[in-house]
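Below, each chain spelled out in residue letters.
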Amino acid sequence: MATALGRPTTAFTTFFTLLSIRHATEGKLQTSAFALAIASYLSLHPTLLLPPIGLLGYDQLCKSRKPVNDTDGPKSPMRYASTQTDRPKVLDFGTRFFGCFLLTAALLLALSRVLLPSFAFLPSVYLTLLRVPDLTPNPGLWWYFFIEMFDPFRSFFLGVFWLHMLSYSVPFCLRMRKQPLAAVVSMLGITAIFQPYANVGEAGAWLSCLTLLSHTFEVSSTHRYTFPAVAVLLYTSLLGPAFHHLWLYAGSGNANFFYATTLVWNLALLIILTDTVYSVLRDEWEAERPEGKGKDVRQI
Amino acid sequence: MHLSTLLSLPASLALLTLATVYASPHSYTEHLHLLPLPQSHLHAHFNFTATTPLSAYESSHFRYFPRSLAQILQHTRTKELHLRFTTGRWDDESWGARPLDGTREGGTGVELWAWVDGGGSKTVPEERWSELVNSLSGLFCASLNFIDSTKTVRPVRLFEPEGDHGSEKGGLQLLHGMLPHEVVCTENLTPFLKLLPCKGKAGISTLLDGHKLFDATWQSMAIDVRPVCGAADGGECVLEIQQSVSMALSIPRSMRDRHDPIPRPAKIEDVQCDESKPWNGHDTCFPNAVTDEPAWTLSKVFGHAAKGACDLERNDQAFDVTLEVPSDRPVNATGASELTFPSTTRRHYRLSASSSFDLSLPACPSPVNPMALFTPPLYATRQIAGHGQERGSMHTTLRNPHAHPLTLVYMESLPWYLRPYMHTLRLSNGKQEKLYYTPALDRERGTHLELVLTIPAQSTTTLTYDFEKAVLRYTEYPPDANRGFDVAPAVVRVLSEHGGFGGSYVRTTSLLLSLPTPDFSMPYNVIILTSTVIALGFGSLFNLLTRSFVLAEEVPPSPLAGIIRRARDAVKGLLGKKTGGDEKESKAADAQAGETAEAPSLAKERTDGKANGIANGHADLRERKARVVT
């Protein structure tokens, strides 16, 4: 619903991303890579989902090749312990997946080149996403930061912001090795919060994807800050458009009002994201140590 | 070389006895045209024309042509130059057609267009243009150097070269730039006067004073350089520079004494009341519009009389000042000789070098047959419509008052932060023949929009399109950011019916565009707040991802937890001593109850948070032991 209200063109990107996730869960890696390539061609950031979705597809392939006497089935669908020797080779899988992705991307770019007079569309489309020249207000963190940034420091902070965003993809995969779907959903959350041209549609799509991890929410020990985060989200989603109107149309508000609302919105989304990651990891740990259910834990 | 040129001059002059002025190789003329306008205004048009033969120009021998400008033109290979400094607004409705059909005026601020020798490449004319604007900026003390690629366009049909370029015409490229925000003032007038041979010290140029010129309702200073090849002088081309100052000043305002410029109301006896108004009475008066021609004197209007004359290379038929008034208006001229011509409305005067010239006209009731003013070819106005600082729309009204349809070229050069949506371009009641459109690139070039339109007779055409406003970076806002940004005026060229050369020009006013502004006091705050949010997220996720879970009782207690527990116990002990007996009883009860009594208090501590994890752990351990034992 948030996507419909926001009316961003990322609806197409989200569609292809979800298609890719779905095909990965079914083990169809070619179609998954194809859909992900289309999503990346439209907006650049689904490229970050390449490791998690690849992991997800690999795991599903492993599962699908397990013998029938595996009884772990419905209770913990994400868990498996595959020690079979007929596990598909990682390198083989990797090359096929990445190769399919690159091939599709190259095909789409070549198609664009055929329709357009030159390769000048590449900097126009992709470099604008990377260098953020247009600073229209949006519910993200980047626009006001780069409005108020002085020119000599602009490239440095652009690099820092992009490095920060890129640095989440592989660690999520490594940590949530046993639950790649959680890695995918967390990565969706990271891009929804930290991408330069954030919009309500992507955040809405991610929040609805949280239902994929609903199994972790059943245990009451896993989520800690649900009520405050959801309340803040509701509060900012009502105030955000009001302050935007007040700044640009009524002329009685300041840019700071709207900026503060975007800060709080992103903070709420971050709390939900960290809560989700905590619940996923806690659930994983509790599955290994059933006596720890409901107990207080510490992290070292 | 020079001697031969000097000797050749009188020889050529002897040959051309009755030649018209512009074909003479080295020549200089100046002329002032005065025309009273309705509503107590006066239009004064100063024209200073100097020529130099192209051969002398190329060999750097200058006589009346200003050397400083010539060197700039030679260095940048500019073949034709038109530079305008304009302030104010010409009132079409009251004053009729613009002087010289709008060919010697520009849009508000500074307007510059030039034909530059392209050398066949795309980048060379832009480099030469950049050198040209920077050099002119230094010469005229105007910030012309701000005309960079974001403000330069290449019009297609709007301008035609006025000079005779011959075979070079194909290699020339036209570049046009406008600065609507430029404030034109005395520091632009002084270099303008310095380009004249007499340097503003003799002749009609003495009348040009910054105080009066920039106080006018409308003024335009123009410099036009073009090559002219007349057929009469045997193929010798000359380079002509025309400097003109055109002004429409309000006579009562200009006649105010400079040392006492405060406007004071007229005495009530001198004011004529409109008797037809219902509230007219002895103490309420609605003044009648003044239709009488006011009395004015040239020295009062311009501040001082015209001193001397700048007569170089003139023939006896030349005249310096023309006054265009009805023949029955009495005029008193001193210090000049009047030349009689058959025309009844024009009076011509020739200044003499030894005396100062003054004109005085007494007041006169509104004339029976007033001077016919020419109807302008087109009335053009333009506004920004819409509300809010996110989007808006441009609205242009073009009115054709004549009985025949008009073909016109309408050109707009928009800044890049005004993003028009071309699919919303609508033209009502007119026909669009052609559209030339160059889209904008952020921070590189602006939008160039040129339309060829046909407007039917005696009708009004409306041109509208929507646009979106961009948010700029902190350093791109001017110091007075909330004033807004100026959008350059639209230039309209009314094509003459026979097609081809010429045409009259009408310009709209410039517009003020208000863009959304950030809070300029907050760069540091924004950086730290955003960084805080990002760091919170990164820190939490990093902790979650890199740390593993353990049960609270499996780890040794952290020293911090022990310190906090001891501090809490000490505080509780202090509070217990104050209460006295209660504490002893509770202690006894505790000792009796043993483990089960400890549990509630420990359970209370458990709710204090993780720091007491060890207490919780101990309680759990004891519970478990109890269960195991039982």
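Residues numbered from 1 in each chain as written. Chains lettered and ligands numbered in written order. Predicted model: local features only at pLDDT ≥ 70, side-chain atom pairs only at ≥ 80, totals over all residues. Heavy atoms only, no water.

In the annotation of an unreviewed UniProt entry, the entry for chain B reads GPI transamidase component GPI16, and the organism field reads Cryoendolithus antarcticus.

In the nomenclature of an unreviewed UniProt entry, chain A is known as PIG-U-domain-containing protein of Cryoendolithus antarcticus. Regarding chain A, the relevant UniProt record gives this comment under Subcellular location (unreviewed entry): "Endoplasmic reticulum membrane". Listed in UniProt under the heading Sequence similarities (unreviewed entry), the comment for chain A reads: "Belongs to the PIGU family." (UniProt positions renumbered as here; feature names shortened; annotations may be inferred.)

Attention now moves to the domain arrangement of chain A. Interface size is commonly expressed as the accessible area that is lost once the parts come together. Residue and element names in this part refer to chain A. Entries for chain A in the domain assignment read domain 1 (1-66 + 83-131) and domain 2 (136-299). Across the domain 1/domain 2 interface, buried area totals approximately 2,100 Å², and carbon plus sulfur atoms make up 73% of it. Contact with domain 2 buries surface across domain 1, with His45, Leu48 and Leu55 losing the most and accounting together for 27% of the total. The tally of links from domain 1 across to domain 2 stands at one salt bridge. Our enumeration of links across domain 1 and domain 2 arrives at seven residue pairs in polar contact (both at pLDDT 80 or more). Elements represented by at least two residues in the side of domain 1 that touches domain 2 include exactly α1 (2-6), α2 (10-25), α4 (50-64) and α6 (121-131). When the residues that make up the side of domain 1 that touches domain 2 are grouped by side-chain class, the tally is 14 nonpolar, seven polar and two charged. (Domains from an automatic or database assignment. Buried area = accessible area lost by both parts, 1.4 Å probe. Salt bridge = Lys/Arg side-chain N within 4 Å of Asp/Glu carboxyl O. Polar contact = N/O pair within 3.5 Å; in protein donor to acceptor, adjacent residues only side chain to side chain. Helix = DSSP H or I, 4+ residues; strand = E, 2+ residues; numbered from the N terminus. Nonpolar A, V, L, I, M, F, W, Y, C, P; charged D, E, K, R; others polar.)

It is worth spelling out the state of the cysteines at this point. Residues and elements named next belong to chain B. According to the stated counting rule, one finds three disulfides over all chains in the structure shown. Across a sulfur-sulfur distance of 1.8 Å, cysteine 229 and cysteine 237 are joined as a disulfide pair. Taking the sign of the torsion about the S-S bond as the criterion, the disulfide between cysteine 229 and cysteine 237, at about 105 degrees, is right-handed. Overall, the relative accessible area of 30% leaves cysteine 229 in the partly exposed class. The disulfide that involves cysteine 273 links it to cysteine 285, with 2.0 Å between the sulfurs. For the disulfide bridge between cysteine 273 and cysteine 285, the dihedral angle about the S-S bond is near -110 degrees, and by the sign convention the bridge is left-handed. Taken as a pair, cysteine 273 in the loop between α8 (251-254) and β9 (296-297) and cysteine 285 in the loop between α8 and β9 lie far apart in primary sequence, 12 residues in all. Overall, the relative accessible area of 23% leaves cysteine 273 in the partly exposed class. (Disulfide = S-S within 2.5 Å. Buried < 20%, exposed > 50% of the residue type's maximum accessible area, 1.4 Å probe, protein only.)

With numbering aligned to this structure, UniProt lists the feature "transmembrane region" (unreviewed entry) at residues 522-545 of chain B. Helix and strand shares over residues 522-545 of chain B are 96% and 0% respectively, and the end C-alpha atoms of the span are 34 Å apart.

Moving on: the interface of chain A and chain B. On the chain B side, the residues contacting the 51 residues of chain A number 45 residues. Both faces combined, the contact of chain A with chain B buries some 4,800 Å², and carbon together with sulfur accounts for 65% of it. For the pair chain A and chain B, the number of links is one salt bridge. Between aspartate 134 of chain A and arginine 419 of chain B there is a salt bridge; the shortest N-O distance is 3.5 Å. Listing elements by their share of the side of chain A that touches chain B, those giving two or more residues are α7 (142-148), α8 (154-166), α9 (169-175), α10 (180-194), α13 (226-250), α14 (255-288) and β1 (297-299) of chain A. Of the residues forming the side of chain A that touches chain B, the biggest block, 13 residues, is contributed by α14 of chain A. (Contact = heavy atoms within 4.5 Å.)

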